[in-house]
Amino acid sequence: MIDRNGRTAELESAYRTLCRGARFFASPPGQGAAPPDMVVPISHRHRSKWIGNGLRELDRFLHHLLDAVAQAHGLGIVSGRRSSAAKLGALRATLGRGDDDHARLLALGGTRACLFHCDGILRSPAMAAACWNGLGRFGTPPAPESGTMLVIVGEDLQSIGQFYHELADDLVRRL
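Because the structure is predicted, anything quoted here is derived from the model rather than measured.

Student: Tell me about the pattern of salt bridges, residues and numbers included.
Tutor: Taken as a whole, this structure holds 9 salt bridges when the rule is applied. With a shortest N-O distance of 3.6 Å, D119 and R45 are connected by a salt bridge. A residue pair is termed long-range when its members are at least 10 positions apart, and D119 in the loop between α4 (102-117) and β1 (121-122) and R45 in helix α2 (residues 44-72) qualify at 74 residues. Residue classification places D119 among the partly exposed residues on the basis of a relative accessible area of 22%. The class for R45 is partly exposed, based on a relative accessible area of 42%. Between R137 and D156 there is a salt bridge whose closest N-O contact spans 2.4 Å.

As structure tokens, then:
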């Protein structure tokens with residue numbers, strides 16, 4: 001079924017889901033992806049897993065949107081691509097567009113892995129750099145000492161939510 005903007009129902013659903021997830025992620029603590037710090041004390045480990053899982057969900061929503069955009073262009077699903085960065089790059093290459101978001105999506109993947117699998121503990125300078133760039137804090141991160149915790153603040157969540165929302169808008173607007 002095609003809507004008034006020429007979009008399929010599947011594309012519209014995938015777009016709205018990613019935008020809703022991005023808004024949720026960027027909302028104030030206790031109302032979105034950040035756990036309610038002031039209401040319920042929560043450990044750094046659990047907070048990291050909570051946010052890492054939120055990043056994983058945003059990535060999954062982006063995967064669905066990329067498939068819907070590919071189908072809207074008559075390309076079918078972009079198979080064989082597990083990372084959103086690779087899938088987006090392949091789709092944009094097929095459509096003859098640049099891929100300015102590839103590095104940040106890769107960095108967000110590293111951030112997600114650090115938060116979810118390493119309990120938000122920075123294990124190396126390379127991990128610190130990936131996380132720093134994923135959060136939108138471009139530039140050189142401070143060198144982590146052994147066991148340095150990656151602390152995600154509200155501005156980081158807002159930056160990530162805005163990034164995914166703008167990415168969704170760009171993908172759908174160019175149809």
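Student: I'd like a description of the packing of aromatic side chains, backed by residues and values.
Tutor: This model, assessed by the stated rule, comprises 1 aromatic pair. Ring geometry for F163 against Y164: centres 5.5 Å apart, planes inclined by 75 degrees, an arrangement best described as edge-to-face. The same class applies to F163 as to Y164, namely buried. Positioned above the aromatic ring of F116, the side-chain terminus of K49 is 4.7 Å from the ring centre.

Student: An account of the confidence of the model for the chain is requested, with residue identities and associated values reported.
Tutor: In the predicted model, the chain carries a mean pLDDT of 82, and 85% of its residues have values of at least 70. When mean pLDDT is taken per element in the chain, helix α1 (residues 9-26) scores highest with 92 and helix α5 (residues 125-134) scores lowest with 84.

What counts, and where the lines are drawn
Residues numbered from 1 in each chain as written. Predicted model: local features only at pLDDT ≥ 70, side-chain atom pairs only at ≥ 80, totals over all residues. Heavy atoms only, no water. Salt bridge = Lys/Arg side-chain N within 4 Å of Asp/Glu carboxyl O. Helix = DSSP H or I, 4+ residues; strand = E, 2+ residues; numbered from the N terminus. Buried < 20%, exposed > 50% of the residue type's maximum accessible area, 1.4 Å probe, protein only. Phe/Tyr/Trp six-rings, centres within 6.5 Å; stacked < 30°, edge-to-face > 60°. Lys NZ or Arg CZ within 6 Å of the ring centre and 35° of its normal. pLDDT = per-residue confidence, 0-100.

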